[in-house]
Amino acid sequence: MVNRPGSPRWELPEPKEHLALSPQTEAASAAKPLEEHSHLVVRFAGDSGDGMQITGSQFTATNAVYGNDLATLPDFPAEIRAPAGTLAGVSGFQLNFGSQKIYTAGDQPDVFVTMNPAALKVNLPELPNGCVIIANEDAFTDRNLKMAGFASNPLADDSLSKFRVYPVKISTLTNNALADVEMSAKDKARCKNFFALGLIYWMFNRSPEQTMRFLKDKFSKKPVILEANEKAMRAGMNYGETAEAFTTRYEVKEAQLTPGKYRNITGNSAMAIGLVAASKLSGVPLFLGSYPITPASDILHELSRYKNFGIMTFQAEDEIAAVCSAIGAAFAGYLGLTTTSGPGIALKAEAIGLAVMTELPLLIVNVQRGGPSTGLPTKTEQADLLQAMYGRNGECPVAIVAPSTPGDCFHIAIEATRIATKYMTPVMILSDGYLANGAEAWRLPRISDLPRIDVKFRTDPSGYKPYLRDENLARPWVRPGTPGLEHRIGGIEKQDITGNVNYEARNHEHMVKLRAQKIANIAKDIPALKVLGDPEGDVLVVGWGSTYGSITAAVEELRAQGKRVSGVHLRHLNPFPPNLGEILGKFRKVIVPEMNAGQLVKIIRATFNVPAIGVNKIQGQPFRKREVVDGILTHL
Amino acid sequence: MTEAATKLTKADFQSDQDIRWCPGCGDYSILAQVQNVMPELGVPKEKVVFVSGIGCSSRFPYYMNTYGLHSIHGRAPAVATGVKCMSPDLSVWVVTGDGDGLSIGGNHFIHAIRRNVDLNVLMFNNRIYGLTKGQYSPTSELGKKTKSTPMGSVDYPLHPISLALGAEATFVARTMDVDPKSLRYCVKRAAEHKGIAFVEIYQNCNIFNDGAYDSIVEKSIRSDRVLYLEHGKPMIFGKDMNKGLKLNGFQLEVATIGENGVTEKDIVVHDETNPDPTMAFLLSRLDEATFPVPMGVFRAVRRPAFDEMMNDQVKAATQKSGPGDLDSLLNQGDTWEVH
Ligand SMILES: Cc1ncc(C[n+]2csc(CCOP(=O)(O)OP(=O)(O)O)c2C)c(N)n1
Ligand code: SF4
């Protein structure tokens, strides 16, 4: 059972006169049947200026509050405003919501809302037969059609006959609805996404309440814009009621989720609050040194708002300064954090080596994007694993962890902090664009269930040496300002224990091995892997990071078909969980799906000497369930 | 000054490490004077942090019995910014070279200055790359013949003080390894300054650029070649203290008091607190060949420091919203209950 703000059916909150549904429409509403589905996938697409991200996230928030399980995939162009109407400027947002467990944002949309011909053109190859297409007819002008490369208007010819197409004059209808609102035609036109959203709310039997609250909050100082968007949304809802074209509405009931309190959350947001939580749980204030880069900047933005948690955020002059300032903070005895994406990690490599050499705790978040070089700034990829493992000079191991879902970004931030402070080591967190911007319905953890992070600072001068070791091989952490513990450390090779500069051959070999051993020992301190499915069989599917959803859905599907397929998902990549080798040995084949050309698969082959097989997608897009299923089937 | 601090001596600031600079290197003198000044600052040694980059000069922290971090090439200002922001009660020093600070680290150098982070930056300028064995540096003179420029360099040099002033430095000074008094004075003034304090130190690398400053600092000619800047005093120099700097339009020129009707009144009075950095800039541009080289404090103005303002924001946010509460952080936005 779900208790949500507002009651089961959508009731219009204190309807103003012009917003109330007329008696006829209520009658009509009763006449239009509700078609029930266990889950549905809706995709919004338009120009990057069309507000598709807001539309999508509003529909998401509403379904989340309604009680669906869900996953989203925002997909936007790298350009802030590519020329209007062009294929390059198309921005999309896909949501999969259900009354069942949802693992992915969905393979193909059931309902596709397109604001212009370019958005239709870009998405057409991915629309399944029977897909409902709602198109803003007004935008299908000769000029726009030409720009999108359509020879004739697809809404008028029969090229879309295998879909269920609803042309709606969204621009005109929005403009009409706003006839008595005092604003420029241009501003009125910008409200059309709320008309579309209203229509969708009607179609999926959802209350506009959540969006009303959002609008009131966002435009509290701009009552005209508030009124206009509200009216546009109502008009969209009313249009669904009255337009004869729309005969069916869809119903997706609440999901039977694990009891608890839920919220809708993106990966970047979860990462930010996870880092705040880690700071609280350890009692060590957090310092973030960062340089803006897509898709990581939101973590910087969000943490900048949490200064009252004692968090200091520093927008540095470049990525090198960002990581170096975080190292400075760590040396000063605080949690040092730097957040970036792949190109930024490339710049930080030398400094990460310094943190390895000085054995300071350092948190490094890499929200991966398509590479190499600038690559695909707004698209997702998992191609920085080998960079994280090996991308520094010398033998330079760091601990590596990767969240599996947007909500898991919260927990991984705490886990990374625990490892970094306990072992005095840099920890790299490998998130990616899909997790960062994607959202899920996330069950809030109870604070009492979160791990305490015990951090000890050395204050006792007697017998102190900078590179003394505890049972975890960690050296003592000392806050400058502590009397009697003055010491010097740096990037030159150290003599063990004393920390003195030392160039001796044997000492270097000893230290290289010691630094490696320290990281390897973490394996004893991380949870053993749980196998999804039977502990032995034909195929073990090994995943890491954001592919969790697609792989889990695929493995479940194959298992339901009676295939002897199981899965494991790695949140710890360096070191691996202690029982990985054992599990690998129980399967005839090991398949590793990754959004790269094959990186984890190489490490697994090399580490465990098993002929693991890669299933790879390098398109800047997450795996569809189908693609993983097909990938597994070719090797079964 | 705390009682404990007053009792400190130079020896308290000497570490047990063997010093590895070449015999005769100017770095020794700088180290000695910094260790001399430290006890006078009234800061207990556990509150002192030296951060450096890479280079001969950057070995400095190992020799100071304080907290120290020998970081990576060029990045010391960034590292020190992190230290200072999180621990504003520490006295944080950056030791860098002309290559470290102006070449690979040029970006961090100007931005730390621009932000006015409360750091004391000592740049050992030997106009050469010492540690990598003698390539020309960003302060080497045009035409410099080195291993990497056998035909002479075709790089125009930077003027570190002009650059610092251009980057909005609130404190700028210059001194030299061979002048202990001036060295101690500038280092002490830097320590007392709240905000960024940049001190350029002419340093002799007797191995790869020996005598680079002889034409200026050589004892027998120094008084004619060096202008000691003193706040509120006319800019007078020379063996007989009868030469001074005079303004001619927007240009400085050397004039002799008592010649051509020039009196002391015509000589520019040094004002290090002038909010307008123009005069300080003019002084930083004087051509070494025809003008005396100014030493001492060029500029010392007060402006809120970056670390101060950062910490003020944290305090203000905490005052306004109360200390952060994890529970309300988790519960932000719309939540719903599943039973
Ligand atoms: C990333 C990197 N590049 C190059 C070097 C090599 N390197 C070390 S010190 C140095 C120049 C030092 O010159 P300067 O800063 O003037 O210091 P000095 O040795 O003269 O005191 C160079 C190029 C390095 N250590 N790290
Ligand atoms: S090489 Fe030059 S700067 Fe370096 S220690 Fe020797 S004399 Fe000093």
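The structure displayed is predicted, hence computed values, not measured ones.

1. Describing the overall build of chain A
When you go through chain A residue by residue, the secondary structure sums to 21 helices and 23 strands. A globule of 636 residues ought to have a C-alpha radius of gyration of about 26 Å, and chain A, at 27 Å, matches this closely. Its C-alpha atoms put chain A at 85 × 55 × 50 Å along the principal axes. Relative to its 636 residues, chain A shows a buried fraction of 61%. Counting only contacts in chain A whose residues sit at least 6 apart along the sequence, the fraction spanning at least 24 positions is 77%.

2. A closer look at the overall build of chain B
When helices and strands are counted, chain B shows twelve helices and twelve strands. For 339 residues, the compact-globule formula gives about 20 Å, and the C-alpha radius of gyration of chain B, at 23 Å, lands near that figure. Counting only C-alpha atoms and orienting by the principal axes, one finds that chain B spans roughly 95 × 50 × 45 Å. Taking all 339 residues of chain B together, the buried fraction comes to 56%.

3. A look at the sheet that holds strand β2 (residues 67-70) of chain B
If you walk across this open sheet you meet the nine strands as β18(A)-β2(B)-β1(B)-β3(B)-β4(B)-β6(B)-β5(B)-β11(B)-β7(B), and the pairing is mixed. The sheet terminates laterally at β18 (488-490) of chain A together with β7 (226-228) of chain B, the two strands that pair on one side only. For this sheet, the mean angle separating the axes of adjacent strands, direction not counted, is 20 degrees. The pairing of strand β1 (residues 48-52) of chain B with strand β3 (residues 91-97) of chain B spans five bridges and is classified as parallel. Paired with V48 of chain B across the strands is S91 of chain B, a residue of β3 of chain B.

4. Focus on the interface of chain A and chain B
On the chain B side, the residues contacting the 76 residues of chain A number 57 residues. Here chain A packs against chain B, burying approximately 5,700 Å² in sum over the two surfaces, 63% of which is carbon and sulfur. Counting the surface chain A buries against chain B, the share from its top three residues, N308, M312 and R488 of chain A, is 13%. Between R213 of chain A and D334 of chain B there is a salt bridge, with the nearest N and O atoms lying 2.5 Å from each other. With seven residues, the top contributor of residues to the side of chain A that touches chain B is helix α12 (residues 319-331) of chain A. Each residue belonging to the side of chain A that touches chain B can be placed in one class, and the counts come to 43 nonpolar, 19 polar and 14 charged. In the sheet, β18 of chain A pairs with β2 of chain B via three bridges, with the strands oriented parallel. Each bridged residue has a counterpart across the sheet, and for I489 of chain A the counterpart in β2 of chain B is L69 of chain B.

5. Observations concerning the pairing of strand β19 (residues 537-544) of chain A
Residue and element names in this part refer to chain A. Counting buried positions over the eight residues of β19 gives seven, a clear majority of the element. Alignment of β19 against strand β20 (residues 565-570), held across six bridges, turns out to be parallel. Paired with L540 across the two strands is S566, which belongs to β20. In the classification by handedness, the crossover that spans β19, the intervening helix α18 (residues 548-560) and the parallel β20 is right-handed.

6. Details of the site of ligand 2
The full set of residues close to ligand 2 is W21, C22, C25, C56, N126, Q203, C205, N206, I207 and F208 of chain B. Classifying every residue of the shell around ligand 2 by side-chain character gives seven nonpolar, three polar and no charged.

7. Digging into the pattern of salt bridges
All names here are of chain A. Evaluation of the coordinates by the stated rule reveals 46 salt bridges over all chains. R469 serves as the salt-bridge partner of D496, at 3.3 Å between the closest nitrogen and oxygen. Of this pair, D496 sits in the loop between β18 and α17 (505-520) while R469 sits in the loop between β17 (439-443) and β18, and the two are 27 residues apart along the sequence. Assessed through its relative accessible area of 15%, D496 is described here as buried.

8. Regarding the site of ligand 1
Residue and element names in this part refer to chain B. Taken together, 17 residues sit near ligand 1, with C56, S57, D100, N126 and G130 positioned nearest. Between S57 and ligand 1, the recorded distance is 2.9 Å, taken from a side-chain N or O atom to an oxygen atom. Interatomic distance of 2.6 Å between a backbone N/O atom of D100 and an oxygen atom of ligand 1. Summarising the interface, the protein chains cover 77% of the accessible area of ligand 1, which totals 580 Å² for the free molecule.

9. Notes on α17 of chain A
Every α-helical turn comprises 3.6 residues, leaving residues that sit three or four positions apart pointing alike. Residue and element names in this part refer to chain A. For α17, spanning 16 residues, the distance from its first C-alpha to its last is 23 Å, which sits close to the expected 22 Å at 1.5 Å a residue. Restricting attention to buried positions, one finds in α17 the residues N507, M511, V512, L514, R515, K518 and I519. Seen end-on, α17 carries its buried residues on one side only, within an arc spanning 160 degrees. Facing away from the buried surface of α17 by more than 90 degrees, the exposed residues are A505, R506 and K513.

10. Focus on the confidence of the model for chain B
Close inspection of predicted coordinates is inappropriate for parts of the model with low pLDDT. Looking at chain B as a whole, its pLDDT mean stands at 96, while 98% of the residues score no less than 70. Two summary scores accompany this predicted model of the complex, namely pTM at 0.93 and ipTM at 0.97.

11. Remarks on the nonpolar core
All names here are of chain A. Residues L303, V542 and L600 are the most contacted members of the largest nonpolar core, which totals 166 residues. No other element matches α12, which puts ten residues into this core. Ignoring any residue separated from it by four or fewer positions in sequence, one finds L600 in contact with L385, V542, W544, L570, L573, F576, V592 and E594. Counting 52 residues, the second largest nonpolar core, distinct from the first, contains Y166, L199, F246 and A255.

12. Brief notes about the sheet that holds β20 of chain A
All names here are of chain A. Judged by pairing direction, the sheet is parallel, and its four strands sit side by side in the order β20-β19-β22-β23 without closing on themselves. On the outer flanks of this sheet lie β20 and β23 (613-616), each paired with one strand and no other. Across the sheet, the mean angle separating the axes of adjacent strands is 25 degrees when strand polarity is ignored. Judged from the four bridges that link them, strand β22 (residues 587-594) and β23 form a sheet pairing that is parallel. In the strand pairing of β23, V592 is matched with G614.

13. Let's talk about the confidence of the model for chain A
Scored by pLDDT, chain A has a mean of 93; 95% of the residues are at 70 or more. Long-range and interchain partners of residues 1-28 of chain A, a stretch whose pLDDT sits below 50, account for 56 contacts in this model, where long-range means more than four residues apart.

14. Observations concerning unusual backbone geometry
Here the residue pair G371 of chain A and P372 of chain A is connected by a cis peptide bond, since its omega of 0 degrees sits within 30 degrees of zero. Cis geometry marks the peptide bond from N574 of chain A to P575 of chain A; its omega dihedral reads -5 degrees. Structurally, P575 of chain A can be placed in the loop between β21 (572-574) and α19 (580-584). At R127 of chain B, a position not held by glycine, the phi torsion is positive, near 55 degrees. Position of R127 of chain B relative to the elements: it lies in the loop between β4 (120-125) and α6 (160-166).

15. What to know about the environment of H487 of chain A
Relative to the elements of secondary structure, H487 of chain A occurs in the loop between β17 and β18. Remark: the alpha-carbon pair of H487 of chain A and P292 of chain A, spanning 195 residues in sequence, is separated by 34 Å. Excluding anything up to four places from it in sequence, H487 of chain A contacts F331, Y464, P466 and V478 of chain A together with T66, Y67 and G68 of chain B. Among the polar contacts made by the side chain of H487 of chain A, one reaches the side chain of Y464 of chain A at a distance of 3.1 Å.

16. Remarks on the environment of T338 of chain A
All names here are of chain A. Along the chain, T338 falls in strand β13 (residues 335-340). A residue is classified by how much of its surface remains accessible, and T338, at 0% relative accessible area, is buried. In this structure the C-alpha to C-alpha distance between T338 and G260, which are 78 residues apart in sequence, comes to 32 Å. Discounting chain neighbours no more than four positions away, the residues touching T338 are L288, G289, A322, V323, A326, K348, L363, I364 and V365.

17. Concerning the packing of helix α5 (residues 170-177) of chain A against helix α7 (residues 192-203) of chain A
Residues and elements named next belong to chain A. Where α5 meets α7, the closest approach of the two axes is 9 Å, and the angle between their N-to-C directions is 100 degrees. On the basis of their axis angle, the class for α5 and α7 is roughly perpendicular. When α5 is examined against α7, the residues I170, S171, L173 and T174 are found in contact with a partner set consisting of K192, F195 and A196.

18. Some details on the side chain of N596 of chain A
Residues and elements named next belong to chain A. Positionally, N596 belongs in the loop between β22 and α20 (600-608). Within the local environment of N596, its side chain forms a polar contact with the backbone nitrogen of G598, the two atoms lying 2.7 Å apart. Beyond its immediate chain neighbours, meaning those up to four positions away, N596 contacts Q382, A383, W544, N616, K617 and I618.

About the thresholds
- Residues numbered from 1 in each chain as written.
- Chains lettered and ligands numbered in written order.
- Predicted model: local features only at pLDDT ≥ 70, side-chain atom pairs only at ≥ 80, totals over all residues.
- Heavy atoms only, no water.
- Helix = DSSP H or I, 4+ residues; strand = E, 2+ residues; numbered from the N terminus.
- Rg over C-alpha atoms; globule rule 2.2 N^0.38 Å.
- Buried < 20%, exposed > 50% of the residue type's maximum accessible area, 1.4 Å probe, protein only.
- Contact = heavy atoms within 4.5 Å.
- Pairing = 2+ DSSP bridges.
- Axes fitted to C-alpha atoms, helices over the stretch in contact; angles between N-to-C directions.
- Buried area = accessible area lost by both parts, 1.4 Å probe.
- Salt bridge = Lys/Arg side-chain N within 4 Å of Asp/Glu carboxyl O.
- Nonpolar A, V, L, I, M, F, W, Y, C, P; charged D, E, K, R; others polar.
- Right-handed = clockwise from strand over helix to strand, strands pointing away.
- Near = heavy atom within 4 Å.
- Polar contact = N/O pair within 3.5 Å; in protein donor to acceptor, adjacent residues only side chain to side chain.
- Areas by Shrake-Rupley, 256 points an atom, 1.4 Å probe, with all protein chains shown as cover.
- Expected span 1.5 Å × (residues − 1).
- Arc of directions from axis to C-beta.
- pLDDT = per-residue confidence, 0-100.
- Core = buried A, V, L, I, M, F, W, Y, C linked by side-chain atoms within 4.5 Å.
- Parallel < 35°, antiparallel > 145°, perpendicular 65-115°, else oblique.

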